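# Survey of secondary and tertiary structure
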Amino acid sequence: MFERRLKFILLLPILCGLAIVWRLHDLQIVRARDYTEKLDAALLAPKRFLPPLRGQIRDRFGRTLVSDEPAHDITIHYGALSMDDAFLMRIADLLRRQDPSIAFLQGEELQREVRRRIADMWLALEEITGIPLPELRRRRDAICRSVEGLRRHIWQRRQAQGFDEPLARLRLREEDEYHPIIHDADPQVRTCVELSLGRLPLVRIEPSVRRVWSPDADALCHVLGRLGQVSPEAIERDPRGDDWLASYRPGDLVGTSGVERLGEEMLRGKRGYEEKYLDGRRRGGQPPIDGLDVQLTIDLDLQREISHLLMDAVLTTPACTGASCVAIDIQSREILALVSVPTFDPADFRANYAALRDDSKFVPLRFRAVYEEYQPGSILKPVAILAGLANNTINHATRVFCDGSFMPGSKRWHCWTHWRGMAGHGELTAEEALQHSCNIYFYSLGQKVGASRLTEFYRQFLLGPDYRTAPPRGTGLIEERDGIIPDTEWIARRARREFGPADGRNYAIGQGEVQITPLQAASLFATIAAGQYREPTLIANDHRDRPELCIPGVEPADWTLVRRGLYRCVNEEGGTAYKYVFMPELTICGKTGSAQCVSRVIKRRYKFRTPDGEFASAVAPTVEAAREELGLPHDLRPIRKDIVEIWPPHDPEKNEPPTHAWFAGYAPHDRPKIALAVIIEYGGGGGATAGPAARAIFETLMHSPRGYLPGADAMTLSSTEP
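Residues numbered from 1 in each chain as written. Predicted model: local features only at pLDDT ≥ 70, side-chain atom pairs only at ≥ 80, totals over all residues. Heavy atoms only, no water.

### Structural notes on the sheet that holds strand S18 (residues 640–647)
We apply this condition: A pair of strands is treated as paired once DSSP finds two or more bridges between them. Helix and strand definitions follow DSSP, with helices as H or I runs of at least four residues and strands as E runs of at least two, each counted in order from the N terminus. For helices, the axis comes from a line fit to the C-alpha atoms of the stretch in contact; other axes are also lines fit to C-alpha atoms, and the angle between any two N-to-C directions lies between 0 and 180 degrees. Throughout, a contact is declared for two residues whenever any of their heavy atoms are within 4.5 Å.
Spatially, the three strands line up as an open sheet ordered S17-S16-S18, and their pairing is antiparallel. Lying at the two open borders of the sheet, with one neighbouring strand each, are strand S17 (615–620) and S18. In this sheet, neighbouring strand axes are inclined to one another by 15 degrees on average, regardless of whether the strands run parallel or antiparallel. Of the strand pairs in this sheet, strand S16 (residues 600–609) and S17 are connected by six bridges, and their pairing is antiparallel. Across the sheet, Lys 607 pairs through a bridge with Ser 617, a residue of S17. Here helix H25 (residues 623–630) sits on the sheet and contacts S16 and S17; the angle it forms with S17, its principal contact strand, is near 125 degrees.

Right, dumping it as structure tokens:
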């Protein structure tokens, strides 16, 4: 018995020793790596993200228009943005250990002290940066909305996959990161922040990049577009959302308009990161991957010269509010110039935004070339001729007599000669009707073809023959519109009526509800010059499938007839463009147009019901300006809007609607190279106003060192068309 007890007593320390040895083996050998990683993690500083450079945007010859350069952002930890209670408690404990003056505080008193210090932080940032506190709060709230929207999106995806967890328990990595509250802080602000970091808890200065525009890029301000803070919706739809380095993060800047948005997937890069120990030693990381460059088809020099020419036309035409021009290479359908004036300086956009927004007369922010839809007027008459020929309503020998009036005794339906006290054109063929722009011929044509068949043909011409099966993609710009080409459903829905004979007459002369953009007008004349439709492109080496498509029902002889009419319009006496566009050294084909339009509203009286139930009103150019004047919330809708001022002002003596001035055409006649469309808003007669501007632009193209047009075109008119 004694020996058994002795053996047990001796065995017990041996077993304990073995247990200790096994535990040491487990800690130091088996699980050594885990503990080493935990130790490293405890000694690691938070990851520091390294921003990529956004890709450059270049013109067709490689000149840089927009690029990135290094900058610094002022960032704040998400916990201080969201004021999360659990986070505040952690910060409270940290501050208590670091600051002996608050070591005695406990519970709610300690939390109040933390909240007070964070509030002081915002006041200090306002003082240092000069950014008003409401704006800083707006930026803070936008970041918080993005993170919370992302949290809800991920939670809903997990719920759909069968995971059952409360929304509040879902934690995102964005909650442990610093977010930019001030992008591209200037050196003076950065220095002040660095000196004040002791009283700015949870604030960092992080490396970033800023977008820089070429000093010569003003003429391309609408084309290039702008950057803006990423929205929660964009974060949710992000195709790279599964890549933590490539995905959007709240506070990131993304393209919101123009080519910046169009080329977003190419331009955006992939951020890198850097990990360091608390003592400053580098542990590892990954370098950022810069975005790819986007090259445009636009020639910067040509864009600038045309912009200057159009701005001269705007300033010398009393009622004019703006202008646009589009130039297209007929063979490739590459856009050489996409001009809208007035322009603005992209570098000063934020500083001048309110003034640009409230300029309701000249509307400098509007991308007229692709966004604004205008009645085309007489520049649509060549397509009306082709519609009549394709539908066998007229033929090459069809003649119509013009005595100045389509319906004797009517106040409407006259030729333009009637309003000038001139005799009618007499008997005309289709070719002569184009030369003289005879309204009577086109009233007759439109009434015979009918509004429905006419607009169906217009859609094939403007949107592509396959528009029903392959919707038009255009340039891909978010601002681009498809114009308004009414059909029976549109008329029934918008005008609550059916097509009538008057619609066919109106549409044949490019009036009524028909509206097109300047880009569509230039594309239309490129189609006439080439005899085939093809979508235009803004991106060089565009690899999209853009086939050349035939317009159904149009024969080669029909193209010849229309081209001869456009030739005679510019190059023979009696043509409406002859006096203003004819150039001995270059054979231009084209058409003038004077399109009746409505005046632009430049001031309204906005009436609101305020949140406290009172009524307030203000006369302002925009609803945003009215809200700001009255100090109302930015999303409060007016309950009434009354027109106070229009432009051009109504002239009671003339009692005529204002007109936009058009010219659209191509050159040279024998081997078409460039198609062009010019519109001068409220410019009056197309020939007198748009014609000289178009001629100056053709001269610019002809003298360009890029060889867009031949220096001299002595070719005589031939009946053989290319």
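### A word on the domain arrangement of the protein
Selection rule: What fixes the domain bounds is an automatic or database domain assignment. Buried area: the accessible area, evaluated with a 1.4 Å probe, that two parts lose upon being put together, summed over both parts. We count a salt bridge whenever a side-chain nitrogen from Lys or Arg sits within 4 Å of a carboxyl oxygen from Asp or Glu. Polar contacts, as used here, are pairs of N or O atoms within 3.5 Å; protein pairs need one atom able to donate a hydrogen and one able to accept it. Residues neighboring in sequence count only if both atoms are side-chain atoms.
What the domain assignment reports for the protein is domain 1 (48–295), domain 2 (370–582) and domain 3 (600–647). Taken together, the nine residues of domain 1 in the interface contact eight residues of domain 2. Both faces combined, the contact of domain 1 with domain 2 buries some 650 Å², and carbon together with sulfur accounts for 72% of it. Of all residues in domain 1, Arg 261, Leu 262 and Gln 295 bury the most surface against domain 2, accounting for 59% of the area lost on that side. Viewed at the interface, domain 2 and domain 1 are joined by zero salt bridges. Put simply, domain 1 and domain 2 have two residue pairs in polar contact (both at pLDDT 80 or more) between them. Elements with a contribution of two residues or more to the side of domain 1 that touches domain 2: helix H10 (258–262) and strand S10 (294–295). For the side of domain 1 that touches domain 2, the element with the most residues is H10, which contributes four residues.

### A word on the packing of aromatic side chains
Note the cut-off: Ring pairs are drawn from Phe, Tyr and Trp, using the six-membered ring of Trp, whenever the two centres fall within 6.5 Å, and their geometry is named by plane angle: stacked under 30 degrees, edge-to-face over 60, tilted for the rest. Burial classification: accessible surface area is computed with a 1.4 Å probe over protein chains only, and a residue below 20% of its type maximum counts as buried, one above 50% as exposed, and the rest as partly exposed.
On inspection of all chains with the given rule, the structure shows twelve aromatic pairs. On the basis of an interplanar angle of 50 degrees and a centroid distance of 5.3 Å, the ring pair of Trp 244 and Tyr 273 is categorised as tilted. In this pair, Trp 244 sits in the loop between helix H9 (232–237) and strand S7 (253–255) while Tyr 273 sits in strand S8 (residues 272–276), placing the two residues 29 residues apart along the sequence. Given a relative accessible area of 30%, Trp 244 falls into the partly exposed group.

### Comments concerning the environment of Val 193
In this structure, Val 193 sits in helix H7 (residues 187–195). Judged by relative accessible area, which is 0%, Val 193 ranks as buried.

### Things to note about the sheet that holds strand S20 (residues 674–680)
Spatial strand order, S12-S11-S20-S19-S15: five strands in an open sheet with antiparallel pairing. Two strands bound the open sheet, and with one partner strand each, they are strand S12 (335–341) and strand S15 (589–596). Adjacent strand axes in the sheet meet at a mean angle of 10 degrees when their direction is disregarded. Direction of pairing for strand S11 (residues 323–329) relative to S12: antiparallel, over a ladder of six bridges. Across the sheet, the residue bridging to Ile 328 is Ile 335, located in S12. Running over the sheet, helix H22 (residues 518–530) touches S11, S12, S15, strand S19 (659–667) and S20 and is turned about 145 degrees from S20.

### Considering the pairing of strand S4 (residues 178–182)
Of all five residues that make up S4, five are buried, and the element is covered over most of its length. When strand S3 (residues 64–77) meets S4, the two strands line up antiparallel, connected through four bridges. What sits directly across from Thr 75, in S4, is Pro 180.

### Concerning a nonpolar patch on the surface
Just so we agree on the cut-off: Each patch is assembled from residues with relative accessible area greater than 30% and no salt bridge, linking like charges that lie within 9 Å and nonpolar side chains (Val, Leu, Ile, Met, Phe, Trp, Tyr) that lie within 5 Å. Methods summary: accessible areas were calculated by the Shrake-Rupley approach with a probe of 1.4 Å, and residue burial reflects only the protein chains presented.
The grouping of Leu 11, Ile 14, Leu 15 and Leu 18 at the surface amounts to a nonpolar patch, some 370 Å² of accessible area in total. Relative to the helices and strands, Leu 11 is located in helix H1 (residues 2–30). Of the residues examined, Leu 11 reaches a relative accessible area of 41% and is grouped as partly exposed.

### A short note on helix H18 (residues 439–449)
By the criterion of burial, H18 is predominantly enclosed, with nine of the eleven residues buried. Downstream of H18 by one or two residues, Gly 450 has phi in the positive range, about 90 degrees.

### Quick notes on the environment of Gly 504
Tracing the chain through its elements places Gly 504 in helix H21 (residues 501–508). Taking C-alpha positions, Gly 504 is 45 Å from Phe 349, a pair spaced 155 residues apart along the chain. Among all residues touching Gly 504, those that are not within four sequence positions of it are Gly 446, Gln 447, Gly 450, Ala 451 and Leu 454.

### Here we look at unusual backbone geometry
A cis geometry characterises the amide bond from Trp 647 onward to Pro 648, with omega recorded as -5 degrees. Positionally, Pro 648 belongs in the loop between S18 and S19. Of note, the amide linkage connecting Ala 667 to Pro 668 takes the cis form, showing an omega dihedral of -15 degrees. Secondary-structure assignment places Pro 668 in the loop between S19 and S20. Non-glycine residue Val 363 carries a positive phi angle of around 45 degrees. On the secondary structure map, Val 363 appears in the loop between helix H13 (349–357) and helix H14 (368–371). With a phi angle near 60 degrees, Asn 392 is a residue other than glycine that sits in the positive phi range.

### A few points about the nonpolar core
To keep things clear, this is the line we draw: Residues belong to one nonpolar core when they are buried, are Ala, Val, Leu, Ile, Met, Phe, Trp, Tyr or Cys, and are joined through side-chain atoms within 4.5 Å.
Residues Leu 338, Ile 385 and Phe 442 are the most contacted members of the largest nonpolar core, which totals 89 residues. Residue contributions to this core peak at eight residues, all from H22. Shared between two domains, this core takes at least three residues from each, and those domains are domain 1 (48–295) and domain 2 (370–582). Excluding its chain neighbours within four sequence positions, the residues that come into contact with Ile 385 are Ile 394, Ala 430, Leu 434, Tyr 441, Phe 442, Leu 445, Leu 561 and Val 562. Among the nonpolar cores identified, the runner-up in size contains 41 residues, and Ile 74, Val 189, Val 203 and Val 254 belong to it.

### Re the side chain of His 77
Relative to the helices and strands, His 77 is located in strand S3. Not counting residues within four places of it along the chain, the set of residues in contact with His 77 comprises Phe 87, Glu 175, Asp 176, Glu 177, Tyr 178 and Leu 202.

### A look at the environment of Cys 415
With respect to the element layout, Cys 415 can be found in the loop between strand S13 (400–402) and helix H16 (416–419). On the basis of relative accessibility, which here comes to 0%, the residue Cys 415 falls in the buried class. Taking the C-alpha atoms as reference, Cys 415 lies 49 Å from Arg 350; in sequence the two are 65 residues apart. Apart from the residues within four sequence positions on either side, Cys 415 is in contact with Cys 402, Gly 404, His 425, Cys 438, Asn 439 and Ile 440.

### Considering the packing of helix H12 (residues 300–316) against helix H26 (residues 686–703)
The condition is simple: An angle counts as roughly parallel when it lies under 35 degrees, as roughly antiparallel when it exceeds 145, as roughly perpendicular when it falls between 65 and 115, and as oblique in every other case. Left-handed describes a crossing in which the near helix is turned anticlockwise from the far one by less than a right angle; the clockwise case is right-handed. We call Asp, Glu, Lys and Arg charged. Ala, Val, Leu, Ile, Met, Phe, Trp, Tyr, Cys and Pro are nonpolar, and the rest, Gly among them, are polar.
Orientation of H12 relative to H26, taken along the N-to-C sense of each, is 155 degrees, at an axis distance of 10 Å. Accordingly, the angle class assigned to the pair H12 and H26 is roughly antiparallel. For the element pair H12 and H26, the recorded crossing hand is right-handed. Counted together, Leu 302, Glu 305, Ile 306, Leu 309 and Leu 310 of H12 and Ala 693, Ala 696, Ile 697, Thr 700 and Leu 701 of H26 form the full contact between these two elements. Partitioning the contact of H12 with H26 into residue classes produces eight nonpolar, one polar and one charged.

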